[in-house]
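Below, each chain spelled out in residue letters.
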Amino acid sequence: MQDYIINLQLFAGEKTEKATPHRKQEARKKGQVVKSHEVITVVLLTLTFLVLKSWLPYVMEDFQKFFYHVFAYTKTEITVEIATILVIETIVITAKMAGPILLVAMVAGYMANVLQIGFLVTTESLKFDLNRLNPLKGMKRILSLRSIAELLKTILKTCLVGFVAFYSIYQQLPQLAVMMDYSVEQSLYTMGEITYTMIWRILAVLIVIAIADYAFQYYDYQKSLRMSKQEIKEEFKTVEGDPHVKAEIKARQRQMASRRMMQEVPEATVVITNPTHFAIAIKYHDNMSAPTVVAKGKDYLAQKIKELAIEHDIVIVENRELARALYKEVEIGMPIPVELYKAVAEVLAYVYKLKGRI
């Protein structure tokens, strides 16, 4: 039978539990987040293509004028002044054409990152780590499931994009065959339409790949952060504190509070009891707006309060209902509530009568 006994401790280290919020927060600080480069590529290409399509017609007229201007100089001798003018015009027309596209590309790349991971600045990836120079670690990373998945994804993406591009051009072969009869403007327009159609189809394929890749990245991220039950226990002890230590701290806090409370008992005016289970010490003098509970206790603590009261010649009054009400409703250091004024006033009047004050 012993051969069939399973040692459950063998499974204690298995990472079968979901990551805790604290584990995810620590991973985020180290730069470990769900991030798909395919999403960044799709957002970047889509916005850049939209801007290119809408901006290009505006700069084509200037581009055409620039070429006419350049060809006009071919009939004259090129001097240093003319060359300088041509260089400046080239820089201006290039900046006018490529500037907005580059700006949108930068913004698109930033937006794609922020949409996936939010705003995050970390220097963990810049820290020097000797393990990165370990060839065995490097081989493990190369032959890991993640690397194999990335390789398969790249091959699949290349094949799909190549097929879509080939099919788009193949569909337009009849039109491409007669383009020699078109004018230059018609040919450019036709090539532009064919190119736009092909790019939109490629983007559609890349969007599907990006969605699938993000789903895989999310799954891989959650799997990499999985924890064992023992790790969750250790984290709870670290974050929340060891339950035994917390219990010890609370016990000491109660002891200190009890000592401070007992120091107030000799200053009390009266102690109201149950008579055995509860004891509440009340203090009142002429400068106070209302009587205040300075100490209260149950069972053993109640007996200690009564012993101190007897030791310091403090009147003890037995009133079961009032003692229970005060113990339940009034905290130490708080004045008694209005609804108990009358009952407490009667007790104080009795105490003052015993002491000959009234």
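Residues numbered from 1 in each chain as written. Predicted model: local features only at pLDDT ≥ 70, side-chain atom pairs only at ≥ 80, totals over all residues. Heavy atoms only, no water.

1. Focus on the overall build of the protein
In terms of regular secondary structure, the protein is built from 12 helices and four strands. Buried positions account for 27% of the 358 residues belonging to the protein. For the protein, the exposed surface amounts to about 25300 Å²; the carbon and sulfur share of it is 64%. (Helix = DSSP H or I, 4+ residues; strand = E, 2+ residues; numbered from the N terminus. Buried < 20%, exposed > 50% of the residue type's maximum accessible area, 1.4 Å probe, protein only. Areas by Shrake-Rupley, 256 points an atom, 1.4 Å probe, with all protein chains shown as cover.)

2. Focus: the nonpolar core
Membership of the largest hydrophobic core comes to 20 residues, with the highest contact counts inside it found for V270, I272, I282 and L326. Elements that contribute at least two residues to this core include exactly strand 1 (270–273), strand 2 (278–283), strand 4 (315–318), helix 11 (320–329) and helix 12 (341–354). The leading source of residues in this core is helix 12, at five residues. Formed by 15 residues, the second largest nonpolar core is a distinct cluster that contains V42, F49, I209 and A210. (Core = buried A, V, L, I, M, F, W, Y, C linked by side-chain atoms within 4.5 Å.)

3. A look at the layout of surface pockets
Space left empty within the atom packing is revealed by a probe, the size of a water molecule, rolled over the atoms. Taken as a whole, the largest pocket holds about 680 Å³ of empty space. Lining the largest pocket are 18 residues, with L56, M60, E185, L188 and Y189 sitting closest to its centre. For the lining of the largest pocket, the secondary-structure elements that each account for two or more residues are helix 2 (37–73) and helix 7 (184–224). Here the lining of the largest pocket is composed, by residue class, of 12 nonpolar, three polar and three charged. The computed volume of the second largest pocket comes to approximately 490 Å³. What lines the second largest pocket is a set of 20 residues, among which Q32, V33, Y221, S224 and L225 lie closest to the centre. (1 Å grid on protein atoms, 1.4 Å probe; cavity = no way out; pocket = protein on both sides within 12 Å on 5 of 7 lines; lining within 4 Å. Points joined across faces, edges and corners; volume = space filled by probe spheres on them. Nonpolar A, V, L, I, M, F, W, Y, C, P; charged D, E, K, R; others polar.)

4. With respect to the pairing of strand 1
The two faces of strand 1 match: V270 and I272 on one face and V271 and T273 on the other face are all buried. Of the pairings in the sheet, the one linking strand 1 to strand 2 comprises four bridges and is antiparallel in character. Directly across from V270, in strand 2, lies its bridge partner I282. If you look at the hairpin formed by strand 1 and strand 2, you'll find four residues sitting between the two strands. Where strand 1 and strand 4 come together, four bridges link them in parallel fashion. (Pairing = 2+ DSSP bridges.)

5. Quick word on a nonpolar patch on the surface
Side chains of L103, V107, Y110, M111, V114, L115 and F119 sit close together on the surface and give an oily, nonpolar patch of about 740 Å² of accessible area. By the element assignment, F119 lies in the loop between helix 3 (80–117) and helix 4 (135–142). Residue classification places F119 among the exposed residues on the basis of a relative accessible area of 65%. (Patch = residues over 30% accessible without salt bridge, like charges linked within 9 Å, V, L, I, M, F, W, Y side chains within 5 Å. Salt bridge = Lys/Arg side-chain N within 4 Å of Asp/Glu carboxyl O.)

6. Description of the packing of aromatic side chains
If you walk through the whole model with that rule in mind, you get five aromatic pairs. Aromatic side chains F49 and Y196 sit 5.4 Å apart centroid to centroid with 65° between the ring planes, which places their arrangement in the edge-to-face category. With F49 in helix 2 and Y196 in helix 7, this residue pair connects regions lying 147 residues apart in the sequence. For the pair formed by F49 and Y196, the shared burial category is buried. Taking 5.0 Å as the distance between ring centres and 80° as the angle between the ring planes, the aromatic pair formed by F49 and W200 counts as edge-to-face. With F49 in helix 2 and W200 in helix 7, this residue pair connects regions lying 151 residues apart in the sequence. Since its relative accessible area comes to 6%, F49 is described here as buried. According to the relative accessible area criterion, W200 is partly exposed, its value standing at 36%. Across the ring face of Y196, the terminal group of K53 is positioned such that the distance to the ring centre comes to 5.0 Å. (Phe/Tyr/Trp six-rings, centres within 6.5 Å; stacked < 30°, edge-to-face > 60°. Lys NZ or Arg CZ within 6 Å of the ring centre and 35° of its normal.)

7. Some remarks on the side chain of S168
Considering the arrangement of structural elements, one finds S168 in helix 5 (residues 145–171). A polar contact of 2.8 Å, which involves the side chain of S168, links it to the backbone oxygen of V164. A distance of 3.3 Å separates a polar atom in the side chain of S168 from a polar atom in the side chain of R201. Those residues in contact with S168 that sit more than four places away from it in its chain are M198 and R201. (Polar contact = N/O pair within 3.5 Å; in protein donor to acceptor, adjacent residues only side chain to side chain. Contact = heavy atoms within 4.5 Å.)

8. Remarks on the pattern of salt bridges
Evaluation of the coordinates by the stated rule reveals six salt bridges. For K153, the salt bridge identified is with E38, shortest N-O distance 3.4 Å. With K153 in helix 5 and E38 in helix 2, this residue pair connects regions lying 115 residues apart in the sequence. Notably, a salt bridge pairs R320 with E318, separated by 3.9 Å at the nearest N-O pair. A relative accessible area of 45% places R320 in the partly exposed class. One network of salt bridges, in which partners are shared, links E38, E150, K153, K157 and D213.

9. Considering the confidence of the model for the protein
Looking at the protein as a whole, its pLDDT mean stands at 79, while 84% of the residues score no less than 70. The element-level mean pLDDT for the protein is lowest in helix 4, coming to 66, with strand 1 highest at 90. Here residues 1–11 is a poorly scored stretch, pLDDT under 50, and it has one contact once near neighbours within four places are set aside; other chains count. (pLDDT = per-residue confidence, 0-100.)

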